[in-house]
Amino acid sequence: MAKVLIAYSTTDGHTRTICDRLKGIVEAQDHAVDVAWLTEQPDIDLTVFDKVVVGASIRYGKHQPQVFDFIRKNQTQLDSKPNAFFSVNVVARKPEKNTPDTNPYLQKFLQKIDWQPQNLAVFAGRLDYPTYSYFDRQMIRLIMWMTKGPTAPDTVVEFTDWNKVDEFGRTIAAM
Ligand SMILES: Cc1cc2nc3c(=O)[nH]c(=O)nc-3n(C[C@H](O)[C@H](O)[C@H](O)COP(=O)(O)O)c2cc1C
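The structure presented is a predicted model; accordingly, all values stated were derived computationally and were not measured.

Chemist: Help me understand the site of the ligand in this model?
Modeler: Taken together, 21 residues sit near the ligand, with Thr10, His14, Thr15, Ile58 and Arg126 positioned nearest. The backbone of glycine 13 places a nitrogen or oxygen atom 3.1 Å from an oxygen atom of the ligand. If the ligand stood free it would expose 630 Å²; the protein chains cover 98% of that surface. Among the secondary structure elements, those contributing two or more residues to the shell around the ligand are helix H1 (14-28), strand E3 (51-59), strand E5 (83-89) and helix H5 (134-146). With three residues, the top contributor of residues to the shell around the ligand is E3. Across the shell around the ligand, the residue classes break down as eight nonpolar, nine polar and four charged.

Chemist: Is there a simple way to explain the nonpolar core in this structure?
Modeler: Note that soluble globular proteins tend to have their nonpolar side chains buried in a common cluster. With 23 residues, the main nonpolar core has Leu5, Val54, Val67, Phe85 and Phe109 as its most contacted residues. Of all elements in the fold, only strand E1 (3-9), E3, helix H2 (65-73), helix H4 (104-112) and strand E6 (119-124) reach the threshold of two or more residues within this core. With four residues, H2 is the single largest residue contributor to this core. Apart from residues no more than four positions distant in its own chain, leucine 5 is found in contact with Asp34, Ala36, Ile44, Leu46, Phe49, Lys51, Val52 and Val53.

The rules behind these values
Within any chain, residue numbers begin from 1 and follow the written order of that chain's sequence. Two thresholds apply to this predicted model, a pLDDT of at least 70 for residue-level local features and 80 or more for giving and counting side-chain atom pairs, whereas whole-chain, interface and lining totals are computed over all residues. Side-chain metrics rest on all non-hydrogen atoms present in the structure, leaving aside hydrogens and water. Proximity criterion: a residue is near a molecule or strand once any of its heavy atoms comes within 4 Å of it. We define a polar contact as two N or O atoms separated by no more than 3.5 Å, with the added condition that, inside protein, one atom must be a possible hydrogen donor and the other a possible acceptor, whereas residues neighbouring each other in sequence contribute only through side-chain atom pairs. Under the convention used here, a 1.4 Å probe and the Shrake-Rupley method define accessible areas, while residue burial counts only the protein chains that appear. A helix here means a DSSP run of H or I that spans at least four residues, while a strand means a run of E at least two residues long, and both kinds are numbered starting from the N terminus. Basically, the charged four are Asp, Glu, Lys and Arg, the nonpolar ten are Ala, Val, Leu, Ile, Met, Phe, Trp, Tyr, Cys and Pro, and anything else, Gly included, counts as polar. Residues enter a nonpolar core if they are buried and are Ala, Val, Leu, Ile, Met, Phe, Trp, Tyr or Cys, with the set joined through side-chain atoms within 4.5 Å. Exposure is judged per residue with a 1.4 Å probe applied to protein chains only, and the accessible area is read against the type maximum: over 50% gives exposed, under 20% gives buried, and values in between give partly exposed. Contacts between residues were defined by any pair of non-hydrogen atoms, one from each residue, lying within 4.5 Å.

Structural measurements only, silent on function.
Structure follows, in structure tokens:
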């Protein structure tokens, strides 16, 4: 039995939902999983874990700075264990942008860090217009209009392919 850490950043909570799903899959393979929100636990000690997974969502084209801080601070520990990274964004709803090789945010992310994650995934996220501030709602509707996505102001849509999440969970369990 391995002790697995899934550390994540989120703004609206969907990345946490994905982490919880991964936790269920990995625990079903008889491993122990801790899920840690980097906002609450930026200094979590990696030495006690056998495998580490980092997950982060995109907002206005960027992964949160706390993810970069965490990776920089823990690069040696990350490199010393089986590890993985996943990104959550709505561009990944498009079939031509939904793999680690074709998702522009994941590619940009890899260029910005020295860590080379051994396993990668990208998941399409969720939109919940009614819960956003007026400014955020207008901005994301504009982005959706430009990229041919849903623009109705009452849109709540989950693009996430949960089978793909489950498959990544099995990869984590086996890595
Ligand atoms: C204000 C705002 C800006 C966003 N900007 C982008 C973006 O630039 N590119 C993208 O692919 N997704 C963008 N998204 C979509 C988020 O990545 C998606 O909603 C994701 O599920 C959020 O994950 P979280 O709930 O863990 O923060 C944006 C969402 C919001 C609300």
